[in-house]
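Close look at the chain arrangement
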Amino acid sequence: MAHPFLIGENMTGGYGAVDILHSCTLAVEKGEIAVIVGPNGAGKSTAMKAVFGMLKLRQGSVRLNGEDISRLSPQARVRKGMGFVPQTQNIFTSMTVEENLEMGAFIREDEGIQDTMAQIYDLFPILKEKRHQAAGELSGGQRQQVAVGRALMTRPQVLMLDEPTAGVSPIVMDELFDRIIEIARSGISILMVEQNARQALEIADKGYVLVQGANRYSDTGKALLADPEVRKSFLGG
Amino acid sequence: MDLLNALVAFANFVLVPGLTYGSQLALGALGVTLIFAVLRFSNFAHGDTMAFGTVMAILFTWLLQSWGISAGPLPTALLALPLAIATTALMVLGTDRVVYRFYRRQKARPIILMIASVGVMFVMNGVVRMILGTREVKFDDGARFLLAPADFRATTGLAEPLAIRTTQAVSVVVAVLCVAALFWFLNRTRTGKSMRAFSDNEDLALLSGINPDRVVMVTWIIAGALATIAGTLYGLDKNYRVFVYFGMLLPIFASAIVGGLGSPIGAILGGFVIAFSEILVTNAWRKILSYLVPESWLGEGLWQALSTDYKVAVSFVILIIVLLVKPNGIMGGK
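Bear in mind the structure is a predicted one, so any value in this text is a computation, not a measurement.

The rules behind these values
Every chain is numbered independently, its residues counted from 1 as its sequence is written. Each chain is given a letter, starting from A, and each ligand a number, starting from 1, according to the order in which they appear as written. Residues qualify for local features only when their pLDDT is at least 70, as the model is predicted, and side-chain atom pairs are given and counted only at 80 or more; totals for whole chains, interfaces and linings, by contrast, use all residues. Residues are defined as contacting one another if the C-beta atoms placed from their backbone atoms lie within 7 Å. Per the convention used, a helix needs a DSSP run of H or I reaching at least four residues, while a strand needs a run of E reaching at least two, with both numbered from the N terminus. Residues were grouped as follows: Ala, Val, Leu, Ile, Met, Phe, Trp, Tyr, Cys and Pro as nonpolar; Asp, Glu, Lys and Arg as charged; and all remaining residues, including Gly, as polar. Any two strands with at least two DSSP-identified bridges between them are counted as paired. Fitted lines through C-alpha atoms give the axes, limited to the stretch in contact for helices. The angle between two N-to-C directions lies from 0 to 180 degrees. UniProt positions are given in the numbering used here, feature names are shortened, and annotations may be inferred rather than shown by experiment. When buried Ala, Val, Leu, Ile, Met, Phe, Trp, Tyr and Cys residues are joined through C-beta atoms within 7 Å, the set is termed a nonpolar core. The burial label depends on the number of other C-beta atoms within 10 Å of a residue's C-beta. Counts of 20 or more mean buried, 12 or fewer mean exposed, and intermediate counts mean partly exposed, with C-beta atoms placed from the backbone. Given the number of residues in a helix, its expected span is that number minus one, multiplied by 1.5 Å.

Attention shifts here to the interface of chain B and chain A. The interface is formed by 13 residues belonging to chain B together with 16 residues belonging to chain A. Top contributing element to the side of chain B that touches chain A by residue count: helix α7 (residues 190-200) of chain B, with five residues. Of the residues assigned to the side of chain B that touches chain A, the class counts are five nonpolar, four polar and four charged.

Another aspect to go through is the sheet that holds strand β1 (residues 6-13) of chain A. Residue and element names in this part refer to chain A. Within the open sheet, the four strands sit side by side as β2-β1-β4-β5. Their pairing is antiparallel. On the outer flanks of this sheet lie β2 (21-28) and β5 (67-68), each paired with one strand and no other. Pairing between strand β4 (residues 57-64) and β5: two bridges, direction antiparallel. Following the sheet pairing, Leu-64 is matched in β5 by Glu-67.

All names here are of chain A. The sheet built from six strands is open, its strands ordered β6-β7-β8-β3-β9-β10 with mixed pairing. Single-partner strands in this sheet number two, and they are β6 (82-85) and β10 (214-219). Going across the sheet, the axis of each strand differs from the next one's by a mean of 15 degrees, ignoring polarity. Across four bridges, the pairing between strand β3 (residues 33-37) and strand β8 (residues 189-193) is parallel. Of the residues in β8, the one forming a bridge with Ile-36 is Val-193. Packing against the sheet, helix α6 (residues 140-152) makes contact with β6 and β7 (158-162), and its axis sits at approximately 160 degrees to β6.

Another point: the UniProt feature "transmembrane region" (unreviewed entry) in chain B. All names here are of chain B. Under the local residue numbering, the UniProt record ascribes the feature "transmembrane region" (unreviewed entry) to residues 20-39, 51-70, 76-99, 111-132, 168-186, 215-236 and 305-325. Taken end to end, residues 168-186 comprises 100% helix and 0% strand; its first and last C-alpha atoms sit 27 Å apart. Along residues 215-236 one finds 100% helix and 0% strand; the C-alpha atoms at either end are 32 Å apart.

Okay, the nonpolar core next. Ranked by size, the top nonpolar core spans 154 residues in total, and within it Ala-34, Ile-36, Ala-47, Met-160, Ile-190 and Leu-191 of chain A together with Leu-226 of chain B carry the most contacts. Ignoring anything within four residues of it in the chain, the contact list for Ile-36 of chain A reads Leu-26, Lys-44, Ala-47, Met-48, Met-192, Val-193, Tyr-208 and Leu-210 of chain A.

Residues that lie three or four places apart on an α-helix share one face, since the helix turns once every 3.6 residues. All names here are of chain A. Along its 13 residues, α6 runs 18 Å from first to last C-alpha, staying within 8% of the 18 Å computed at 1.5 Å per residue. Burial analysis of α6 places eleven of its 13 residues in the buried class, which makes it a mostly covered element. The inward-facing, buried residues of α6 abut β6, α3 (97-104), α4 (113-123), α5 (125-129), β7 and α7 (170-185).

The subject of this paragraph is unusual backbone geometry. All names here are of chain B. With a phi close to 70 degrees, Asn-239 is a non-glycine residue in the positive phi region. Residue position: Asn-239 is located in the loop between α9 (212-238) and α10 (242-247). Classification of Asn-239 by C-beta neighbours within 10 Å gives partly exposed; the count is 13. Phi at Trp-303 takes a positive value of approximately 60 degrees, unusual for a residue other than glycine. With respect to the helices and strands, Trp-303 occurs in the loop between α14 (295-298) and α15 (311-325).

Once that is clear, we can look at the pairing of β6 of chain A. All names here are of chain A. Here β6 shows two buried faces, one formed by Met-82 and Phe-84 and the other by Gly-83 and Val-85. Sheet topology places β6 next to β7; four bridges connect them, and they run parallel. What sits directly across from Val-85, in β7, is Leu-161.

Set out below in structure tokens:
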């Protein structure tokens, strides 16, 4: 694995004068799921935002498919094939589900937008049913589906999810994770931050445990779940 | 027959003027609400943008008239509108380039943009006065009445006349067409949807690749067009005077706020709420009442709650009540 598909390597930086990330490295292979876990305030979301270019790096680089994209704006990274689902305010609440998906495809000039939309409706059948309803009227789990669907409309190669299961019930969480596995199987790399560490690591090909903006443990999801140290400190025994 | 006469008098003095004035206010409030939704500040220069647009419409009307062009029974100003809209759009885009863009780049707070718009208001007011002065300009031509009072009386045999002036009918019809076109644009076109997306969630819109400069430009053009149309319709109906347009700012803002700032449907509803409130409160009800109750019950008074000189107070009171009771307005704006 000399060249992971997407890698943020030795990232150091923060929003202001104080660094939040300290030589943090995150990588994901094609079609795999990488999960970032860790205690509150560990810089999980910040690390992912750094990969997406929403944060200025003082050191380190981000490479997508071998190309250095460290200097690109988030918008430019979307055009390069990265999709990002923010944790909050990730849908257009006053617009219908279908309009949300259309806006997701705003940068696309080709004719295949309707096909992509049909694929997303296959993935999330409930969205097809509610496609003419305002997205803000949907339940929490359905809103997350809209948010993920919107990001998928650009047909990204990498999908980055910031706590996609925050505030949804356990049943809805399992359902969302199943869909995320399905997305990964279609060849899209997934990089996500999760509060529900145990469940997330179960579906992860690769897991990163961050503490205070630095890598503490990096291994396969299974190995992290089996590691007694990780279990004791981060998974509640 | 007395009830019929009362209804006709009501239509003549309340319903027709209310629909006309409401249409004009609705168009004005739509411009304010669009600017608020997309650029996120209250544009105090909107009244004077209306004045500027109207002045342009007047100048182009005179030009067309000097060439001997007219619209038959309709006001020539309708033909001048496209030219006036184009000029006003250029003017507001220029203002944005010179004033607002600077503050947008600084990510200035809405209150700063609002204060800047007060400055723009004074400048534009001065510019408009340099062009046509402060005098009253009457520029409606064509047929005076769609429904002349004498004709109505002759046909129905009622004592009470009903008049519908051409400018009143034009106001309502043009407003309906504009609103239909605007909603079609916002709900059916890609650019319109991107405007709504930008207004709904700016960060996500940027993430989706929506170009903010383009959204801002389109918004200014539409707001300029709406201001020109609203101002011209009002001027055709009640003549043009620059200070009257300056004073329109209050009822227009009241309309937009009553309906819910940022909500286009709210702006239209608010326009009619304000227009009818003003007219209901300042109308002299004696004539209508005289058909319903014996003359002797009415005494000497006009049965007018407030003199028309104080009609602005109505907007003001409604504005205060709405801000106290339901600050987000009817449609729950921002």
